[in-house]
Structure formats: structure tokens, C-alpha cells
Amino acid sequence: MDPSAEIPPRAGRREFIGLAVLALPTMLVAMDISVLYLALPHLSGDLGASSVQQLWATDIYGFMLAGLLVTMGNVGDRIGRKRLLMFGAAGFAVASVVAAYSTDATMLIAARALLGIAGSTLMPSIMSLISAMFRDPKQHTGAIAVWMSCFLGGTALGPIIGGVLLNSFWWGSVFLVAVPIMAMVLILGPSLLPEFRSPQSGRIDPLSILLSLATILPLVYGLKEIPRTGFEPLPTVAVLIGLVSGVIFVRRQNRLTSPLLDLKLFKHKIFRPALLLTMFAGLVAGNQLFVYLYLQSVQQLSPLSTALWLLPSALAMIMIMQLTPLLVRSIRPAYVIAGGTVLASLGYLTLTQAPSSGNLTLVVTSLIVINLGTGPMGSMCAALAMQSAPPERAGSAAAMTSTSGELGIAMSIAVLGTIGNAIYTRQFTAPAGVPVDPAAEESVAGALESATRLPGDQAAALLSSAYDAITSSLHSTSVVSALLMLGATALTLSTLRQLPSSNEAAAAAEAQDQAPDPVAGTHA
């Protein structure tokens, strides 16, 4: 037996420089999810964007990103991941310029849609290139942790960078940040990144692409709209269309010799639970919505101050993600992940103690504990999913991993958003003698707006009732999130407990390499 044939090559200096290059577009794709939040008031004034147009300018990016991940991951397997990455980087830069210099709201919405399409080419390409560059399991886990940290860091930094730029420049500056970074990717990428495509790739099936879009886009749209509008006909029908299209899509993939989505990956005993746990990580994201509402209403923080106060918890998650590869060297991954999810559930339960009078220290501390707990699940499950997929299907595996997280977030906003809004409506009590606008009974934002039209004493009474109600919403969604984390704990221990630590795996591989070859012995 040739030991060198069993040991994956370790990455060197070139691969780590390449990882740094891949980190840049990762942060940008994440930043563009949240960077527009603080610019919305400026868009309304400069472009005349209505509330509906502002909503579409914000959401269309995520819709297109989520809807095309599976397709673009498969395209990367066929035409080459580096080539697709270069196309995506160029497209992202061009679309960013178009968005920055949009002359009306329609043009901006179209540019944001193009940004989402370009972003969908970047995410699976980056993850699959990381898997090709870092074949050693220890190094791969660390590289995925860096990738996840960049994604989360970009999401956290988006509102902060947006706030800083808007203090000195016009709203379009939030998009132009992408141009020099993508230019750097286009310059350095060709020489630093490897090319890889699937040798068994067949022709792309256009009908599968259409069915994939008909599954994911309506689902994401419906799940995001239901918490805002309730079970209105359009979002409800969208969810039903997505589910029906999904069933047809799966049946077609099972019949094709070269499917868009390789369903055989789901049979892998590690890939399937890793993907489910990635979705669990997204399922608790909806609680963040009520954290934002609590901080901006009860604590009366500005959007920029809210982003700054949330930064410590984001940094805590980034830190634990970098430490996770070190922990799993001596501790089995299941115990690291499960220990984290238990810690996260305790953090969510602590969040239920936040008073309606405000307690910034308690909320920030709880969020730090939550992110320290969920960090290992986020980084390890993505790494395990990629490591369990064959190299020629890395693009598809990366797309499925990203899509599961996106769907988890969309489902979380729908489920937790609906629960939180229902609790607010139930708990809100109109103060005696105070004229209450119907909007105040529906949301804390409506109550804040109504309070501006009331005398001081009446406004204080109305806001007190609204603060009690939104605090109850935060408590309820935190309890649900704690239960979800305990469910993730049970899933982890029941499906991943047999996975060895990195040191155990290395020792087993070394023992196997040193064992006498029975075939060689028969010829001695």
C-alpha cells in the first residue's frame, strides 16, 4: 500500500493567499444583503422610491441569490468553477456601478436583481474552490471557518459601513465599494486559483433550471411575505407553487442521467444531517428581527447604534469559528456542535429575561452567548457537507449547502415573524383614554409613529403598552429558538456522534498505512 496515495496533499502559501482572495467577494456578497438598510430613506428622497419599491430593492437581491444557487453550482461543475467565479466577479462589479448611478427606482431594482444573479455564481464557486485547494481535512475545516467568518462579518459590517459612507457620500457609494475589490479578484484570481470541472458532466437540462427557479423563488418570496402581510392569496399561492414545483423537480432529477441536483448526495450519512443542521442554523435567524425591534424601540437606539451594539456578538461568532477547527482536533465534532447548541439555547432563554424597560447589557450578553454557541454548528456543518461530497460534485454540494441556509433563514422569518407578530397583537393593550391608531395595534413601528401625534402623557402610555408587547414577542421567539437549538442538539448527537476527532482520524489513518498489506504478503 502506498501511504502517499491515502494522504491528501496539504495546502501551501499559494492556497492561503488564494483563500484571502476568495474572502473578499464572500464579504461583499454578504454585505450587499444588509448594506442598503440605512440608505433607504435617501433612496426615497433621491429616486422617489415608494415603500413597495424600497422593499423590492432590498429583497430582490436575496430572492435572485437564493433562487439561482443550485443552478450556478451545477454550471460551475460543468464549465469550471474558476471561470464561473471570474464571470460572476465581473458581473458583480458592473451591476454595482449600475446600481450606484441608478436614475430611478426601477433601474435600481433591476441592478439589484443583476447583483443577486452575479452573487449566485460567486457563492458555490468559492466554496467548491476552497474544497479543491484544501484537501487535508484539518486545513479544509479551518478554511471553511474563515469563509463563514467572512460571510457573517460582511453581514454585520454592512449596516456599519453603509452608515459611515452615508455620513460623507451619496447613497450610491455603498455599492461602489465592490468595484475595486472585484477588480482585485479578477487580477489575482487567474494566477492563484485552480480550475476544476466535473469530468462526467453532461448537458444542462433547461427544464430542470426552470423547475429549480419555480421551486425556490416562490418559496422564498412567500415565506418572507407571509409574516408581513399574513396569509394573503399571493404569498400563500407562491408557497404552494414552490412546493408543487419542488416535487416535480425532484422526480425529474431522479430520472435524468446527468441531473441538475444530484440527489444521491442525500444518501450520504454525513451530508444529509450536515445539510439539515445548516438549515437549523438559519431557522433561528428570525429572532434577530425582534432583537432589532427591541433595541430600536425599547432601547431607543438609532439603526447605526444598533449595528454597533450587535458587533460584539458578531465578533464572538467569528472568534469561535476560528477556534472550532482547533477544538475538533481533540474533541469529536458532534460534541463540539452539541455543546454549542446547548449553550445557544441557554443564551436564548436568558434573552427571555429582557425587561420592557430595557436592559442593554443583558441583551448584548445574551447575543454573545448565542453566537458563541451557534458558531461551531455554522462552520463545522458546512465543512462536513463539503468533505462528504465527491470532488466532481463540489459545486452542487456547495450550492445545496448555501441554499439550505437561505431557505432556513426564509422559513425562520416566516415562522418566527408570524409568531412574534401574533404575540404583539395579542399582548398590546390600548391605554384607557388614549386614541389608538390601528397601526399601533399591529406593530411597534406603528405605535412609534402614532405616539408622535399624541400629547406627552398619552404618548408615554401608548409606548409603554407597545414596549410591553414587543418585549413579549422577543421572549416568545427566543423560547422557540431555544427549542430549535435543543432539537439541533438531539439531531447532532443521533447522527454525527460516530465521527472521530481530527487526531483520532489521523491516528486511524496512520495505523492503517502501517498495517501489513495482505495482498503483498501472498506474493512475498
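Quick look at the structure, then.

Conventions adopted
Residues numbered from 1 in each chain as written. Predicted model: local features only at pLDDT ≥ 70, side-chain atom pairs only at ≥ 80, totals over all residues. Heavy atoms only, no water. Helix = DSSP H or I, 4+ residues; strand = E, 2+ residues; numbered from the N terminus. Rg over C-alpha atoms; globule rule 2.2 N^0.38 Å. Buried < 20%, exposed > 50% of the residue type's maximum accessible area, 1.4 Å probe, protein only. Contact = heavy atoms within 4.5 Å. Areas by Shrake-Rupley, 256 points an atom, 1.4 Å probe, with all protein chains shown as cover. Lys, Arg positive; Asp, Glu negative; His and termini not counted. Charge placed at Lys NZ, Arg CZ, Asp CG, Glu CD. Expected span 1.5 Å × (residues − 1). Bend = angle between axes of the 7 residues up to and from the residue. Phe/Tyr/Trp six-rings, centres within 6.5 Å; stacked < 30°, edge-to-face > 60°.

The helix and strand tally for the protein stands at 22 helices and zero strands. On C-alpha atoms alone, the protein measures out to a radius of gyration of 24 Å, which is about the 24 Å that the 2.2 N^0.38 rule sets for 524 residues. By residue count, 53% of the 524 residues in the protein fall in the buried class. Considering only intrachain contacts with a sequence separation of at least 6, the fraction spanning at least 24 residues in the protein is 82%. Total accessible area computed for the protein in this model is approximately 22100 Å², and 66% of it derives from carbon and sulfur atoms. Side chains of the protein give 27 positive and 26 negative charges; the mean places of these two sets differ by 10 Å.

With 28 residues, helix H16 (residues 360-387) should reach 40 Å at 1.5 Å per residue; the first-to-last C-alpha distance of 40 Å fits that figure. In the structure, H16 departs most strongly from a straight axis at Thr374, where the bend amounts to approximately 30° and where the proline Pro376 lies between one and four residues downstream. Most of H16 sits out of view: 22 of its 28 residues are buried.

Attention shifts here to the environment of Leu499. Assignment of secondary structure puts Leu499 in the loop between helix H20 (456-495) and helix H21 (502-514). Leu499 sits in the buried class, given a relative accessible area of 18%. Here the alpha-carbon distance between Leu499 and Ile160, two residues 339 residues apart in the chain, equals 39 Å. Not counting residues up to four positions away in its chain, the partners in contact with Leu499 are Ile270, Arg332, Pro333 and Leu384.

What follows covers the packing of aromatic side chains. In the structure shown here, the tally under the stated rule is six aromatic pairs. With centroids separated by 5.6 Å and ring planes inclined at 40°, the aromatic side chains of Tyr101 and Trp170 adopt a geometry described as tilted. Placement of Tyr101 in the loop between helix H5 (81-100) and helix H6 (105-133) and of Trp170 in the loop between helix H7 (137-168) and helix H8 (173-176) is noted, with a sequence separation of 69 residues between them. Judged by its relative accessible area of 36%, Trp170 is partly exposed. For the ring pair Trp147 and Phe151, a centre distance of 6.3 Å and an interplane angle of 25° mean the geometry is stacked. Here Trp147 and its partner Phe151 are both found in helix H7, four residues apart, which amounts to about one turn of the helix. Of the two residues, Trp147 and Phe151, neither departs from the other in class, the shared state being buried.

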